Amino acid sequence: MTRLSHYLLPTEREAPADAEAVSHKLMVRAGLVRQVGAGLWTWLPAGWRVHQKIVAIIREEMDAIGGQELLMPLLQPADAWRRTGRYGVDELFKLRDRKEAEMVLAMTHEEAVTTHAAGMIRSYRDLPQTVYQFQVKERDEARPRAGVLRTREFVMKDSYSFDRDAQGLDLSYDRHAEAYAKIFDRCGIVWYRALADVGLMYGRESGEYMAPCAAGENDVVIGPNGYVANLEVASADAVRVELPPALPEPEAVSTPDTDTIESLAAFLTLPAAALTKAFPVVKQLADGSEELVLILLRGDHRVNDVKLRRFFGSPFRQATAAEIADRIGPPGYLGPVGMRDPGVRVVLDAAIVAAPGGYVAGANRADTHLRGVQAGRDFTYELADLREVTAADTIGGEPIRIEPAIEVGNIFKLDDYYSAKLGANYLDANGVSRPVFMGSYGIGPARVAAAAVEQFADTAGISWPRAIAPFDVHLVSLGKPGSPERELADDLYERLAGLRLDVIYDDRDAGAGEKFADAELLGCPLRVTVSRRGLAAGELEVQRRRGAEMTTVPIDGAAEAVAALWRTLP
RNA sequence: CGGGGAGUGGCGCAGUCUGGUAGCGCACCCGGCUGGGGGCCGGGCGGUCGCAGGUUCAAAUCCUGUCUCCCCGACCA
């Protein structure tokens, strides 16, 4: 019998002073987690029950698509990480053993699993395979934050698929996508699958599973017809803008002390969208060479770094003041026409040419801008979608939303990136050696829990989806030990447990208010109250946590009635 | 990594400017009352004031160094 009088559930009336996120405050207050250090958390018994319920759901769905559970070590030799090029990653914890051998604490397990694949998979007959584990990951985060949302150590479900070729990988990837949809639906959270950046090191395709919530660190763009994309990669139609007519040729305008878009717009009494913003960057190529590029955007738009990096296919940095002065013009008055070095490459954001008319651009001379500038006629350019979507944009004429969200899972097509580097090859039916095609798929159970807290909390506390609540029923007994209502509660506990419900039984010698407040804080889907009052009336009070609706059930057959009600809950 | 803030009993805080016996609320322990929204009365326990060094007759308080934690941003294979 799980009695609250003997259960380690240290609830707090007040949240930690330094907590900001709702999930951080409530998970601490409800006695689910306690902090050990920055980004390092202990899961207390009730919190661990939530975590393990999420794990159980994931395990069932991974098994359902043929996943095979295994366990790989957290502590690993550095060698494989050097070979995949990931040893230099800042977030990777590095250490030495007593023999001074270089070791790492794994942040994921591609190196280990691919090394195993290289040793165990020989023939096309050995493929496909999918393995998975629940294992701790270690990341030396620059800034852990928001309770268990962003930590340095956390359990991840990571799975890895091995296929003969890209088509096989596509199937494994799709099967994971189906499993993930079931997992997040079963966990009862609101989620989106978003288009995502694959990063520089990765292959073809990836998806991010995003749970919208206020504490989210990512922004997702949600449009019509199921369009959902991470803001990093999202595209949309910019707000239309009325432009001044194009002039036969650019015309210089004196614009003293207008080196910001705001001041220039005010000076010319034009909307910011009728101006152009010049953003000089330096593309950094793998061979160490660099190239100065001028990015041109509408005045009301911002550069999206991820899009620009993808466009270049390489990292970039902002140009230095010296580089700008030498080859373009004075800061605040940059533009594509009349650059000191006319050979500087100009890349135009697609939103600029979407509207006809003449733009204003810097003249590359102090205190001077040009009016009536037309791309193509006045300068040569390349076109690319490089701007960050704004909430005012539309898609197909429909409005969009931008919501903060937390990434609870992701799926990647790695192709042969790791297998090629670590020699994971097999012989095909013709005896030809080929690299294994891999996929990598993660879910963070802690983030699923935190997202559920964020999404459903109210002023009284947490409101768990029933599938991942620490307990199904919070049984509250009022009255003194030894009283008839206590005896009834004891009996009810056994009956509910007999119906395979998980019950937490508040048998403490405490006031009703305290017990109710703790029950609402902990957030189990049903609260059942046994009291003298109810006993006299022959009924029990049942409160649904979500919405706080009260009902009563007759004492006779109460357990069955509670179980039936529980099955109807979200 | 840049900026800002904070370390005083389990939690939340005051005291630091202006050096002089370490306090408050909650929690906790004991006794009693109460028993449907964190109730009441009485009596208690608990703190090397993050750490180290210095100044001083005397340091939570002043000085130096250091560690840790939080928030915003950058970053986030």
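Higher on the page you've got the structure.
Draft legend 1. Spotlight on the overall build of chain A. The helix and strand tally for chain A stands at 15 helices and 31 strands. Each of the three principal axes of chain A carries a C-alpha extent, and together these read 95 × 65 × 45 Å. Looking at chain A as a whole, 52% of its 570 residues qualify as buried. In chain A, of all internal contacts separated by at least 6 residues, the share reaching a separation of at least 24 is 70%. For chain A, the separation between the mean place of its 65 positive charges and that of its 82 negative charges on side chains is 3 Å.

Draft legend 2. Broad picture of empty space enclosed by the protein. Tallied over the full model, the rule gives one cavity of 30 Å³ or more. There is about 50 Å³ of room inside the largest cavity. The wall of the largest cavity is formed by Ser 463, Trp 464, Pro 525, Arg 545, Arg 546, Leu 569 and Pro 570. The residue inventory of the lining of the largest cavity, partitioned by class, reads four nonpolar, one polar and two charged.

Draft legend 3. Local environment of the packing of aromatic side chains. With the rule as written, the count across this model stands at twelve aromatic pairs. Residues Trp 191 and Tyr 209 carry aromatic rings whose centres are separated by 5.8 Å and whose planes lie at 40 degrees to one another, so their mutual orientation is tilted. Remark: Tyr 209 occurs in strand E10 (residues 206-212) and Trp 191 occurs in the loop between helix H5 (166-187) and strand E9 (192-195); sequence separation between them is 18 residues. Look at Tyr 209 and you get buried, because its relative accessible area is 1%. Joined through ring pairs, the aromatic side chains of Tyr 180, Phe 184, Trp 191 and Tyr 209 make up one cluster. Above the ring of Tyr 87, the side-chain terminus of Arg 82 is found at 4.2 Å from the ring centroid. A cation over a ring is seen here: Arg 527 above Phe 516, with NZ or CZ 4.0 Å from the ring centre.

Draft legend 4. Summary view of the sheet that holds strand E31 (residues 550-554). Strand order in the open sheet formed by five strands is E28-E27-E29-E30-E31, and the pairing between neighbours is mixed. The sheet is open, and its two borders are formed by strand E28 (503-506) and E31, each paired with just one other strand. Pairwise comparison of adjacent strand axes, ignoring direction, gives a mean angle of 25 degrees for this sheet. Alignment of strand E29 (residues 526-530) against strand E30 (residues 539-544), held across four bridges, turns out to be antiparallel. When the sheet's bridge partners are listed, Thr 529 is paired in E30 with Glu 541.

Draft legend 5. Molecular detail of the pairing of strand E5 (residues 93-96). In terms of strand pairing, E5 meets strand E6 (residues 102-105) through four bridges, oriented antiparallel. By the bridge assignment, Leu 95 is partnered in E6 with Met 103. The turn linking E5 back onto E6 is made up of five residues, and Glu 100 within it adopts a positive phi angle of 70 degrees.

Draft legend 6. Expanded view of the pairing of strand E7 (residues 129-138). Burial runs high along E7: eight of the ten residues are buried. Across two bridges, strand E3 (residues 68-69) lies against E7 in parallel orientation. Opposite Gln 68, over in E7, you have Val 131 as the bridge partner. Here E7 runs beside strand E8 (residues 153-163); their pairing, made up of ten bridges, is antiparallel. Looking across to E8, one finds that Gln 135 is bridged to Met 156.

Draft legend 7. The layout of surface pockets, seen in detail. The calculated volume of the largest pocket comes to roughly 1400 Å³. Of all the elements in the fold, those that place two or more residues in the lining of the largest pocket are E8, E10, helix H7 (305-312), strand E23 (401-415), strand E26 (437-443) and helix H11 (445-456). With six residues, the single largest contributor to the lining of the largest pocket is E23.

Draft legend 8. Representation of the sheet that holds strand E17 (residues 345-349) in the model. On the basis of which strands lie adjacent, the open sheet formed by five strands has the order E16-E14-E15-E17-E20 and mixed pairing. Strand pairing shows two members of the sheet lacking a second neighbour, strand E16 (316-318) and strand E20 (382-384), which therefore form its edges. Here the strands of the sheet are splayed against their neighbours by 35 degrees on average, with no regard to which way each runs. As paired strands, strand E14 (residues 276-284) and strand E15 (residues 290-298) are joined by nine bridges and run antiparallel to one another. Of the residues in E15, the one forming a bridge with Phe 279 is Ile 295. Across the sheet, H7 touches E14, E15, E16, E17 and E20, and the angle it forms with E16 is around 130 degrees.

Calculation notes
- Residues numbered from 1 in each chain as written.
- Chains lettered and ligands numbered in written order.
- Predicted model: local features only at pLDDT ≥ 70, side-chain atom pairs only at ≥ 80, totals over all residues.
- Heavy atoms only, no water.
- Helix = DSSP H or I, 4+ residues; strand = E, 2+ residues; numbered from the N terminus.
- Buried < 20%, exposed > 50% of the residue type's maximum accessible area, 1.4 Å probe, protein only.
- Contact = heavy atoms within 4.5 Å.
- Lys, Arg positive; Asp, Glu negative; His and termini not counted.
- Charge placed at Lys NZ, Arg CZ, Asp CG, Glu CD.
- 1 Å grid on protein atoms, 1.4 Å probe; cavity = no way out; pocket = protein on both sides within 12 Å on 5 of 7 lines; lining within 4 Å.
- Points joined across faces, edges and corners; volume = space filled by probe spheres on them.
- Nonpolar A, V, L, I, M, F, W, Y, C, P; charged D, E, K, R; others polar.
- Phe/Tyr/Trp six-rings, centres within 6.5 Å; stacked < 30°, edge-to-face > 60°.
- Lys NZ or Arg CZ within 6 Å of the ring centre and 35° of its normal.
- Pairing = 2+ DSSP bridges.
- Axes fitted to C-alpha atoms, helices over the stretch in contact; angles between N-to-C directions.

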